[in-house]
Amino acid sequence: MNYLAVFLCSDGGIARNSNTEEVMNMQLGEFESRELAIQNACVQLECTHAKNGVLLKGENKGGFLICDAQEFAEL
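Parameters at a glance
Residues numbered from 1 in each chain as written. Predicted model: local features only at pLDDT ≥ 70, side-chain atom pairs only at ≥ 80, totals over all residues. Heavy atoms only, no water. Pairing = 2+ DSSP bridges. Helix = DSSP H or I, 4+ residues; strand = E, 2+ residues; numbered from the N terminus. Axes fitted to C-alpha atoms, helices over the stretch in contact; angles between N-to-C directions. Salt bridge = Lys/Arg side-chain N within 4 Å of Asp/Glu carboxyl O. Buried < 20%, exposed > 50% of the residue type's maximum accessible area, 1.4 Å probe, protein only.

**Details of the sheet that holds strand 4 (residues 54–56)**
- Within the open sheet, the 5 strands sit side by side as 2-1-5-4-3. Their pairing is antiparallel. A single partner strand is all that each edge strand has here, and the edge strands are strand 2 (25–30) and strand 3 (48–51). Taken pair by pair, the neighbouring strands of this sheet meet at an average axis angle of 30°, ignoring direction.
- Inspection of the sheet shows strand 1 (residues 2–8) paired to strand 5 (residues 63–68) by 6 bridges, in the antiparallel sense. Looking at strand 5, one finds that Val6 is bridged to Leu65.

If you want it as C-alpha cells, here you go:
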C-alpha cells in the first residue's frame, strides 16, 4: 500500500497550501504495513511517533499524520 505524510500545524490542524487549499503532503512510498510506514517516516522525517500514526517534530512544532492513499483521498 502507498503511504503519505500529511503536514500538521503546531495546533494539530492539517496544513494546506495557501494558494490552492490542497492538503500539504509528502509521498513516503510503498510499505507492507502501516507500522513499517510509520517506522520509516520517523527516521526519514526525524520525528517521534506519538499515537495512531501521528508524528511529532517537537513541542509546538507541528508534525505529520501518516495515512494510506485511500485515507488521504478522504482528506
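That was the structure; now back to the text.
**Notes on the pattern of salt bridges**
- Under the criterion given, the structure shown has 2 salt bridges.
- Residues Arg34 and Asp68 are paired through a salt bridge, measuring 3.7 Å at the closest nitrogen-oxygen approach. Of this pair, Arg34 sits in helix 1 (residues 34–45) while Asp68 sits in strand 5, placing them 34 residues apart in sequence.
- For Arg34, the salt bridge identified is with Glu71, shortest N-O distance 2.8 Å. Residue Arg34 is located in helix 1, and its partner Glu71 is located in helix 2 (residues 69–74); the two are separated by 37 residues in the primary sequence.
- The exposure class of Arg34 is partly exposed, given its relative accessible area of 29%.
- Using a relative accessible area of 31% as the deciding quantity, one classes Glu71 as partly exposed.
- It is possible to trace a salt-bridge network through shared partners that takes in Arg34, Asp68 and Glu71.

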